[in-house]
Structure formats: structure tokens, C-alpha cells
Amino acid sequence: MPNPIRPYLLLSLVFFFNLYHSMAVSDPTHQALLQCLTQSIPTDTASSIIVSKSNPSYTSVLRAYIRNARFNTSSTPKPLVIITPLDESHVSAAVICSQKLGFQLKIRSGGHDYEGLSYVFDKPFFVLDMFNLRSITVNMADETAWVGAGATLGELYYNIWKNSKVHGFPAGVCPTVGVGGHLSGAGYGTLIRKYGLSVDHVVDAKLVDVNGNILDRKTMGEDLFWAIRGGGASSFGVVLSYKIKLVPVPETVTVFRIERLLTENATDITFKWQTIAPTTDENLFMRMLLQPVTRKKKKTVRISVIALYLGDSDSLVSLLQKDFPELSIGKSNCNETTWIDSVLWWANFDLGTPPTALLDRDLNDAGFLKRKSDYVQTPIPKSGLESLWQKMIELGKVGMVFNSYGGRMDQIKPDETPFPHRAGNLYKIQYSVNWEQPGNEADKNFTSQAKLLHDFMTPFVSKNPRSAYLNYRDIDVGSTKKWSYEEGKVYGESYFNGNYERLVDVKTAVDPNNFFRNEQSIPPRSSSILHSSYGSATCLITAVRNYWYYIVFIFSLCSELF
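The sections below set out a description of the structure shown in this document. These figures come from a predicted structure and were not determined experimentally.

What counts as what
Residues numbered from 1 in each chain as written. Predicted model: local features only at pLDDT ≥ 70, side-chain atom pairs only at ≥ 80, totals over all residues. Heavy atoms only, no water. Helix = DSSP H or I, 4+ residues; strand = E, 2+ residues; numbered from the N terminus. Polar contact = N/O pair within 3.5 Å; in protein donor to acceptor, adjacent residues only side chain to side chain. Phe/Tyr/Trp six-rings, centres within 6.5 Å; stacked < 30°, edge-to-face > 60°. Buried < 20%, exposed > 50% of the residue type's maximum accessible area, 1.4 Å probe, protein only. Pairing = 2+ DSSP bridges. Axes fitted to C-alpha atoms, helices over the stretch in contact; angles between N-to-C directions. Contact = heavy atoms within 4.5 Å.

Let us look at the side chain of Q449. Looking at where Q449 falls in the secondary structure, it is placed in helix 15 (residues 440-456). A polar side-chain atom of Q449 sits 3.5 Å from the main-chain carbonyl oxygen of L395.

This is how it looks when you write it as C-alpha cells:
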């Protein structure tokens with residue numbers, strides 16, 4: 001008598017056979033990665049942290065932390081898979097499996113990556129996106145905090161504020177910046193003159209090395225710990241978290257913003273700023289913005305002095321009337337507030353905005369932009385400033401940000417961390433241009449403007465090498481295709497000056513085969529790079545093997561049924 005269940009079983013087998021066949025053929029990389037991860041991670045968990053191109057969430061996950069729309073186009077190379085770890089062990093597995101399968105692994109922890117090097121590559125690659133690893137544990141007993149690499153600066157500031165109203169941390173002004181990338185490239189903000197860089201207050205870290213081991217400061221050793229505090233940690237491993245030392249801030253701080261046009265003494269103010277901003281009281285940080293603007297149908301330049309003072313407005317006004325009378329500042333220009341409110345103010349929130357605003361990750365917020373950087377060690381003369389105004393007006397779009405140094409920065413040796421730009425630098429320049437029009441023509445136009453202004457500034461900035469700031473990543477500084485020592489030296493000495501050699505030594509010791517790499521990474525002294533073609537072949541072999549295992553399973557099941 002016929003078995004009425006058999007036709008349904010046959011239909012089910014055919015359905016699952018076709019489904020598996022489709023998956024195996026269309027996405028063998030996903031299958032191979034999943035099989036590898038499940039050797040150390042439960043299958044359900046492994047499946048949940050892999051986002052392949054066939055996943056409906058793929059586009060939203062990829063775009064969520066892209067902050068430069070130049071790298072969010074249809075022609076931009078996309079990762080085959082995005083791995084979104086939920087646990088430290090998942091990072092270890094991702095590092096091991098990416099090597100086994102022969103694919104490059106890009107590490108993203110926030111997305112404020114001006115050149116997209118953490119999520120773009122010209123060969124098949126994976127992205128390890130750290131946004132889930134964002135825990136923050138503040139310990140006021142010893143004034144420290146453990147901060148996950150995927151946390152944002154806004155989340156860090158908020159958690160500090162929740163635990164103390166008189167503590168802060170010297171890091172950037174943009175709350176959506178990822179902690180992992182910010183600290184690995186040095187990190188700075190409005191407390192730089194009082195407390196130095198972010199990495200000057202990193203006391204421990206957890207990192208996954210090329211072998212998948214989870215290391216802390218003691219087990220990684222002082223050389224590697226030195227390298228990941230400003231040398232670009234993605235050259236050496238995957239930082240899981242940093243332990244930071246909090247710094248004291250007063251109950252009352254003061255902020256102000258003053259704007260002047262060229263007709264309002266802007267040249268004299270800019271000239272004087274160059275010598276006062278780096279030498280005044282270390283409790284005062286003054287940033288200067290230079291922007292081409294149009295007023296009454298005439299092109300001109302506007303300067304803006306934006307400041308944080310760790311004290312009350314009376315003390316600040318008294319200080320600036322003595323040191324910087326050209327600024328003509330009075331109490332009416334100042335706002336007394338708390339440190340956390342000053343953080344919000346610097347992030348362009350209105351004073352009085354609740355600190356919870358710092359928790360907004362502002363996903364999918366990407367404009368077109370280009371950034372470059374320089375260091376100034378001798379004041380630009382007034383004649384140079386006047387020619388600069390003319391150049392900025394001629395170009396029409398590129399702005400500049402002057403960030404004052406001095407104070408604590410003058411007291412730390414250039415080899416204390418990989419970041420070498422300490423004493424002798426008056427201020428750092430960021431060249432900044434943003435635009436809204438998509439397309440190659442606009443891209444070429446505005447990036448060319450930035451390059452032209454950067455070229456114009458050559459006589460006025462640091463030389464031999466012409467230095468640059470790693471966190472203002474700029475591919476024009478140099479890039480590598482072979483990851484040779486010589487190629488790396490071009491950009492390596494610009495970012496790290498004399499510290500480049502030590503970084504190469506650390507890289508050679510901890511990642512001699514150069515698995516952790518990008519277009520501006522630190523190379524080993526000699527490298528043997530795995531090629532993605534090997535990885536693709538491995539994936540295909542693995543998928544085909546799985547496919548035939550599945551066929552054997554089907555036929556064995558059929559034999560039981562019939």
C-alpha cells in the first residue's frame with residue numbers, strides 16, 4: 001500500500017535540496033565562513049553575526065557607519081561579508097577564519113574614516129564591524145574606565161557624566177566618532193593643552209593578535225602596547241577595548257565663539273593667535289576656523305575663534321584682555337557652563353541640551369568630504385596670511401581649522417607614543433571641504449581645491465618630513481600596493497616621523513606575514529601576503545565539499561524512507 005507521507009517527504013527533500021544548492025552556488029563564501037566559525041562558536045550565533053550580500057540587512061549594516069559619501073556609491077568595492085561580533089571570542093574566530101579562507105579583514109569601529117580604508121578594498125574582503133562591542137565600565141574608585149572599541153565618544157562622555165560631574169576625558173568633539181579608531185590614531189580634543197592626547201591616558205588594552213589570542217598590556221608586552229596607542233592599531237591586531245584614566249575638570253567651565261571678517265581686523269587677530277594660543281594658560285584651548293564666505297555679494301574670509309576655558313568667565317576675560325586684546329572679548333561673549341554641557345556645545349548642540357543627545361549614533365549620516373592636515377612650527381607672517389586669504393577666495397570652498405598646541409603637549413617626549421608631533425609645533429591645520437553633489441566631476445573639483453590649498457601652504461608648514469596627522473587620514477600622503485618598507489616609509493614618516501622605524505619593528509615581530517593591512521598600514525620589513533584568489537578557491541572547495549555531504553545525507557535519508 002502506498003505511503004501517503006512519501007510524496008510530501010519527497011517534495012520537502014527537493015525543496016531543501018534546491019535551497020541548499022542555491023545557497024552553496026550563489027554564496028560559497030558565506031557557507032565556508034559559517035563552517036569555519038562554527039568550529040568555535042555555536043551555529044546559531046555564528047549565523048547571526050554574518051551579514052552577506054544576500055542578507056536583506058546587508059546594505060543598511062554597511063551604510064550605517066559610512067561617514068564619507070565618496071565611498072558609498074554603486075561603484076565602491078563592497079565587502080563579501082560583514083562580521084558583527086557580539087563577544088570577544090567572535091573577534092578571535094573572525095581573525096582565524098579570515099586567514100584560513102584567505103580573505104583580507106578590514107576593521108571598522110565607528111566609520112569616521114576619511115578615506116574609507118576600514119571598509120573599502122580593491123580585492124575580495126571581509127569587514128569586521130565592532131559596533132556591538134560598545135560596553136563602558138566606569139570605576140570611580142581608581143578614576144578609570146574600560147571602553148569597548150565599538151563605543152562612541154558621545155557614549156563615553158555620557159557614561160563619565162553619569163558617574164561624576166567633575167571628571168572628563170581628553171578626546172574629540174564629534175560624539176559619533178568610534179573609540180577604537182580614535183584612540184588607535186592618538187585622539188585629541190579641547191583638553192589637549194591641559195592633558196595632552198587621548199592615548200596619553202590609556203593605561204591598558206585588550207587586543208586580538210594575528211593568532212586569535214586575546215592579550216592585555218601584560219601579555220602583549222610594552223612594544224605592542226606602545227604601538228597601538230597612536231600607531232594605527234589595525235596594523236597590528238584588533239583592539240577590543242581600552243582602559244583609560246579619567247581626568248579632573250572643574251564644576252564651571254567657560255566657552256565662547258567670536259567671528260570676524262577681513263574688514264574687522266581678522267588678519268591681526270590670526271597673526272596674534274599663532275603665538276598666543278600655544279603659549280597662554282594651559283587651561284585655555286582656542287581653535288580657529290578660516291572659511292571663505294560671501295558678504296554683500298563680495299567674497300571674503302571669516303575667522304572664528306572657538307574656545308574652552310577650564311574656569312569661570314571673569315578669569316578668562318582678565319586673561320585674554322592681557323594676552324590677546326585684539327580679540328576684544330568681554331563677559332557678554334562668554335557662557336559659563338558644566339563640562340558635559342561644553343561637550344554638547346562643541347558638538348553644535350544648544351546649551352541646555354540633555355546629555356542623552358550624546359547617545360545618538362546618527363546612523364547613515366554621510367556627506368561628500370575631503371580632509372588633509374599640516375603642522376605649523378613658525379608663525380605665518382602677515383604677508384603670508386594676506387596671500388592665504390586671496391588663495392582661499394580664489395578657490396572658493398576649502399576651509400581650514402587651526403588647533404592650538406603647547407601646554408602639556410610641550411612636556412611629552414615625541415617617542416613616548418607613536419604620535420610624534422609634540423614640542424616645537426604651534427598648531428595643527430585641518431583642511432576641510434564638504435559638498436553635496438554626487439559624481440566624478442564634483443569629486444575631482446573639490447578634492448583638487450583641497451590639494452591646491454595644501455600645495456599653497458608648503459612654505460609655511462613643517463618640512464623634512466612634511467608631517468600629517470594619522471586620524472585625518474589622507475591617501476595623498478602616500479599609499480602602498482606591495483606593503484614594502486620603502487612604500488610605507490613615504491607616509492609612515494609623515495604620520496610618525498622618527499617613530500616609523502620602531503613601528504616597523506613591532507609589526508615585524510607581531511604580524512610578519514602582514515595579515516593586518518590597509519593602503520596606509522605599517523609594513524613588516526619583509527612580508528608574505530596571502531592572496532584573495534587563494535581564499536576564493538578555498539571557499540569554493542569548502543562549499544562544494546559541504547554540498548556533496550548534503551547529497552549523501554539526502555540519499556541516506558531516502559534509503560531509510562523507501
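The discussion continues.
Quick look at the packing of aromatic side chains now. Scanning the entire structure with this criterion turns up 23 aromatic pairs. Consider the rings of F103 and F126, whose centres lie 4.8 Å apart with planes at 25°: the pair is stacked. Remark: F126 occurs in strand 4 (residues 125-129) and F103 occurs in the loop between helix 5 (88-101) and strand 3 (104-108); sequence separation between them is 23 residues. Here F103 and F126 have matching classes, each one buried. Between Y188 and Y472, the ring centres sit 6.4 Å apart and the planes meet at 75°, which makes this aromatic pair edge-to-face. Of this pair, Y188 sits in the loop between helix 7 (179-184) and helix 8 (192-195) while Y472 sits in the loop between helix 15 and helix 16 (485-496), and the two are 284 residues apart along the sequence.

With that settled, consider the sheet that holds strand 4. If you walk across this open sheet you meet the four strands as 1-2-4-3, and the pairing is mixed. Looking at which strands have only one partner, the edges of the open sheet turn out to be strand 1 (50-52) and strand 3. With strand direction ignored, the average angle separating the axes of adjacent strands in the sheet is 25°. For strand 3 and strand 4, the ladder comprises five bridges, and the chain directions are parallel. Directly across from I107, in strand 4, lies its bridge partner L128. Packed on one face of the sheet, helix 5 meets strand 2 (81-83), strand 3 and strand 4 and runs near 175° to strand 4.

Next up on the list: the environment of S184. Mapped onto the elements of the fold, S184 is located in helix 7. The buried category is assigned to S184, whose relative accessible area is 10%. Residues S184 and A149, spaced 35 residues apart in sequence, show a C-alpha to C-alpha distance of 9.6 Å. Among residues more than four places away in sequence, those in contact with S184 are I228, R229, G230, G231, G232, A233 and Y242.

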